[in-house]
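# Inside the fold
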Amino acid sequence: MNLPRSRRVLLNVIVVLLFVVAVSVGGMLGVALALNANITDFDMHGDLDVALPSRLYDRHGRLITEFFAVERREMISIDDLPKHLIHALLVREDRSFFSHGGFSLRGTFRAGWNIVTGRYVSGGSTITQQLAGHIFDDRDDISVARKIRELWWAFQLERHWTKHEILEAYLNRMYFGHNTYGVEAASQFYFGRSARHLSPAESAMLVIQLANPARYSPLRHPQRARTMQRVVLNGMVRAGYLSPEQADDSFEAYWQNYDFTRTAMSSAFLDRRDAAPYFSEYVRERLEADVLLGAPVDIHRSGLSIHSTLDLDHQRLAEQNVANGLERANAYVGAERARAADRVSADLVSIIDLLGLTFDIPELLVSPPRSRQLVVDYYLDSLAPLVGISSLLFSSTVADGLHQATRSGVWRQRTRAPREQVQGALVTLENETGHITAMVGGAGFERIDQLNRAIAGRRTPGSAFKPLYYVAALEDGIITPATVLYDAPTAFRNLDGTLYMPRNYAGNWNGPVSVRTAMARSLNVPAVQVFHRLGFTRALSTSAQLLGISSDQMAGRGLERRYPVALGIAGVSPLEMARAFAVFPNLGVRVDPVAIRYVEDSRGRVIAEPERDVRIAQRRMGTDARIVSAEAAYLMTDILEDTFVTGTLRARSPVVPMAAKSGTTQNWSDGWVVGSSTRYTTAIWYGFDRGGRTLGTQQYGAALVGPDWERYMNAIHARLPGESFRRPDGIVEVRVSTRTGLLAPPDYPGPTREELFIAGTEPTRFAPSAAEHRDASAASAERLARPLASRGLLPLDNRFERAIPTLESVLGPGALPAPDSDDDRAASAYRDDYNPLLD
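Residues numbered from 1 in each chain as written. Predicted model: local features only at pLDDT ≥ 70, side-chain atom pairs only at ≥ 80, totals over all residues. Heavy atoms only, no water.

### A few points about the sheet that holds strand S16 (residues 680-687)
This is how the line gets drawn: Paired strands, in this sense, are two strands between which DSSP finds at least two bridges. Helix numbers and strand numbers start at the N terminus; a helix is a DSSP run of H or I with at least 4 residues, a strand a run of E with at least 2. Every axis corresponds to a line fitted to the C-alpha atoms, with the helix fit spanning only the stretch in contact, and the corresponding angles, defined between N-to-C directions, vary from 0 to 180 degrees. Any two residues whose heavy atoms approach within 4.5 Å at even a single point are treated as in contact.
The five strands are arranged S7-S6-S16-S15-S14 in an open sheet whose pairing can be described as antiparallel. The open sheet is flanked by strand S7 (436-440) and strand S14 (659-664), the only strands paired with a single partner. Ignoring which end each strand starts from, the neighbouring axes of this sheet average 5° apart. In this structure, S14 lies alongside strand S15 (residues 670-676), joined through six bridges in antiparallel fashion. The partner of Ser 662 across the bridge, within S15, is Val 673. The sheet contacts of helix H26 (residues 706-716) involve strand S6 (423-430), S7, S14, S15 and S16, and relative to S16 the element is tilted by about 150°.

Laid out in structure tokens, this is it:
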């Protein structure tokens, strides 16, 4: 080869310098050998701490995901790796690996020659040197001293390990780019499958990452990586490892299946497979903040086995139902998909317009009548993949520009969430244990949106909140399922003197109704009446206990001493609502959500048992673990069972007995359904992250969320036996008049039902006859008509029963109080307790 004179002089200088370095290295190595002749237990050094990911498993031992930070690594035996991976590594990094003793003078000279000629293909360090530097030294230290130390340790590796052991350690330890360490983790990240099944082209792509993953990343610089991949495959052909046909076929297959849409921002951590991402992140936070706090382990490096309570079967059904429900909700709301046109670079828009003109594609012409927005959407949805692949056929400059512009547009299209998108969350608890078996925290777990609305959301539950204080009123005997309440216009005076006047959905009034009916129809005035009778202190404290909210957090959550709280204006999460409702089928005993059963270290030793700690704490609480009585909890469940079957939810075909309550907030901005079977409790919420938005007229919880809740609960119970809710001792059943709540005599002409009561609270008086009922109604009419007559709103008449039609025209049909129900206070409640607007 005829080199210019200046190049020959430079080469001679380099040769001399290399010779001097070699002599110096030899001398210094001799000293090092003398000083370290007695090194023992070398294998201990080679077995230094290797960062291993921790694995999260579901309750059946199935892998959910892995936790790792900078390094994602999976160990694999060299015997399991394909031979062409080893061949690609030798061609790329160290052709004389099996013949040298840790140092290759030829390789060093070759590296120097490549630097001189500007044809960098590989470095001068052998595989053994690279491994030695990785294990025992800092390869970021560019110095002669570091090279000498590295060479020393390379000789030790060659003395103590076989060549295959060195290769196995090398392939399991080295960095392959994008936060992946080891060939198995790298193969899973880049290609989505084990290194056991790598093709020759994939093997070549992996080994070129070893020298400079930032330069040759197929995600950042596909054209550059493609060129070097071809060089390695050609080298394998020249070395006799592959035939030309095998190399060509593998190369073409690789690029035909190349996914150009993966962005340069991809990393093993962000792209890790996770079957339950919201739950996994919740577990990670619990481990770091509580379970492993102060423990000498690192969840991202210690190779822990974390055994959780999740059921992947429940999780799959939960995600499917929420996804389908949100799709319907968004369609109803009319939320448009993300529009990326205003954020796409001018370069991409110019490329789209040029393509439209060149190939006569009207949909790509950025001019009237088609807007820029529609053109960009069409391009990104329909043509971007084809253009991305085609860009690989052009020169590097053109290809990289076109590829980056297209990929940038796709990235923005995917990551810009619609501002009006309906979000959702779901949580399922096992009633007896508190195990979280499913958790969905939003429409999709993405880099730009990882808010777990199942636990961090603070949304108003609406009428789904009512059972939380109804159950306390049942326990205290203030109400029974048969107690008659009066649904009519009523004003309640807050402590600050302001009046609160609740209204029902659709603005109608129902007159006298039983507690059971009021809950089933989700009537608001009767609910506030119960809240009032119970008192602020008892109502709020019981609700907070059920939700798991401490007393010092109550005010911040909106659990304040004012009447609107009765209709669910406090801020709660789906997990808290599920926890509260799970107490009912658990017969009044508190339910503590549990996500982690136990944790093992890398050697299989149990180092933490969070579930065991919860059980110990519950036992220590003794009777304090009971929030409400078993009888009151059962009555609440029975009322909610009616609500689910015949009330607002109107269940279609439940496969097992279920009890549930829906909730809707003002302006239909949030929709809830929370309820239980004998085994599981599930809370589902749909709504918006920001206020001031509506799910749409008539989109109340029962209609919007109810079908998804029932469908999901039916699915997780499909193979389970149908069990009725446990009835505790202390519950009696008597026949009562549904209109008065009093005992129904054998010849009672009105509607009756078999009603449940806590023993001692059942009615002892019989309902009046038809004649007695007419007389009592006339008396009630007189009591209400006098204020109207005194204001000139109603002609005064000695027969006040004539005022009944007029009163009903004001209050609504059937709004007049019935005669005494089960006690005197109930009969006079409408007049005395609730400041009626007509009084």
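### A look at the nonpolar core
Heads up, the rule is: For the purposes of this section, nonpolar cores are sets of buried Ala, Val, Leu, Ile, Met, Phe, Trp, Tyr and Cys residues that join through side-chain atoms within 4.5 Å. Categorising residues by exposure relies on relative accessible area from a 1.4 Å probe, with only protein chains included: less than 20% of the type maximum marks a residue as buried, more than 50% marks it as exposed, and the intermediate range marks it as partly exposed.
Core analysis: the largest hydrophobic core is formed by 93 residues, its most contacted members being Phe 279, Ile 306, Tyr 469 and Tyr 470. Per element, the largest residue contribution to this core is eight residues, and it comes from helix H24 (residues 630-646). One finds Phe 97, Trp 152, Trp 161 and Ala 204 within the second-largest nonpolar core, a separate group that totals 54 residues.

### Details of the environment of His 84
Quick note on the threshold: Here a polar contact is recorded for every N or O atom pair within 3.5 Å, except that within protein the pair must consist of a potential hydrogen donor and a potential acceptor, and residues adjacent in sequence are included only if both atoms are side-chain atoms.
Counting through the fold element by element, His 84 comes out in helix H3 (residues 83-93). Excluding residues within four positions of it along the chain, His 84 makes contact with Leu 198, Ser 199, Pro 200, Ser 203 and Met 236. Within the structure, the side chain of His 84 is placed 2.6 Å from the backbone oxygen of Leu 198, a separation counted as a polar contact.

### Side note on the packing of H3 against helix H11 (residues 222-238)
In plain terms, the rule: Any angle between 65 and 115 degrees counts as roughly perpendicular, while under 35 counts as roughly parallel, over 145 as roughly antiparallel, and the rest as oblique. Asp, Glu, Lys and Arg are counted as charged, while Ala, Val, Leu, Ile, Met, Phe, Trp, Tyr, Cys and Pro are counted as nonpolar; the rest, among them Gly, fall into the polar class.
Running from N to C, H3 and H11 cross one another at 105°; their axes reach a closest spacing of 9 Å. One way to sum up the angle between H3 and H11 is to call them roughly perpendicular. Residues His 84, His 87, Ala 88, Val 91 and Arg 92 of H3 touch H11, and the partners they reach there are Met 228, Val 232, Gly 235 and Met 236. Looking at the contact of H3 with H11 residue by residue, the class counts come to five nonpolar, three polar and one charged.

### Considerations on the environment of Ser 724
Inspection of the secondary structure assignment puts Ser 724 in the loop between H26 and strand S17 (731-737). In this structure Ser 724 comes out as exposed when scored by relative accessible area, which is 60%. With 68 residues separating them in the primary sequence, Ser 724 and Val 656 have C-alpha atoms 7.9 Å apart. Setting aside chain neighbours within four positions, we find Ser 724 in contact with Pro 657 and Thr 678.

### Comments concerning the sheet that holds strand S2 (residues 63-67)
Across the sheet, which stays open at both edges, the five strands sit in the order S2-S1-S5-S12-S13 with mixed pairing between neighbours. Edge positions in the open sheet fall to S2 and strand S13 (606-608), since each of these has one partner strand only. Within this sheet the neighbouring strands show an average axis-to-axis angle of 25°, counted without direction. Together, strand S12 (596-600) and S13 form the strand contacts of helix H23 (residues 610-621), whose direction differs from that of S12 by roughly 130°.

### Observations concerning the packing of aromatic side chains
Formally: In this scheme Phe, Tyr and Trp rings, the latter by its six-membered ring, pair at centre separations within 6.5 Å, and the angle between planes marks the pair as stacked below 30 degrees, edge-to-face above 60, and tilted otherwise.
With the rule as written, the count across this model stands at 15 aromatic pairs. Judged by centre distance (5.7 Å) and plane angle (70°), the ring pair of Phe 531 and Phe 536 falls under edge-to-face. Overall, the relative accessible area of 1% leaves Phe 531 in the buried class. The exposure class of Phe 536 is buried, given its relative accessible area of 10%.

### A word on the pairing of strand S5 (residues 305-308)
What you see with S5 is no split at all: Ser 305 and His 307 on one side and Ile 306 and Ser 308 on the other are buried throughout. In this structure, strand S1 (residues 54-57) lies alongside S5, joined through three bridges in parallel fashion. Note that in S5 the partner of Leu 56 across the bridge is Ile 306. Bridge count for S5 against S12 is four bridges, and the pairing is antiparallel. Opposite Ile 306, over in S12, you have Val 599 as the bridge partner.

### Some details on the pairing of S2
Where burial is concerned, most of S2 is hidden: four out of the five residues are buried. Pairing of S1 with S2, which is carried by four bridges, proceeds in the antiparallel orientation. By the bridge assignment, Arg 55 is partnered in S2 with Glu 66.

### What about the pattern of salt bridges?
Our working rule: Here, a salt bridge means any side-chain nitrogen of Lys or Arg that lies within 4 Å of a carboxyl oxygen of Asp or Glu.
Summed over the entire model, instances satisfying the criterion amount to 34 salt bridges. Notably, a salt bridge pairs Arg 55 with Glu 66, separated by 3.0 Å at the nearest N-O pair. In this pair, Arg 55 is assigned in strand S1 and Glu 66 in strand S2, connecting sequence segments 11 residues apart. Looking at Arg 55, the relative accessible area reads 26%, which means it is partly exposed. We note a salt bridge from Glu 202 to Arg 193, for which the minimum N-O separation is 2.2 Å. Several salt bridges converge on common partners, so that one network encompasses Arg 516, Asp 638, Asp 642, Arg 753 and Glu 755.

### Thoughts on the packing of helix H18 (residues 467-475) against helix H21 (residues 536-547)
Threshold: For a crossing to be left-handed, the near helix must be turned anticlockwise from the far one by less than a right angle; the clockwise case is right-handed.
Packing of H18 against H21 leaves a shortest axis separation of 8 Å and a crossing angle of 120°. With respect to H21, the element H18 is oriented oblique. Handedness of the H18/H21 crossing: right-handed. On the side of H18, the interface is formed by Leu 468, Tyr 469, Val 471, Ala 472 and Glu 475, while H21 contributes Arg 538, Ala 539, Thr 542, Ser 543, Leu 546 and Leu 547. Of the residues belonging to the contact of H18 with H21, the class tally is seven nonpolar, two polar and two charged.

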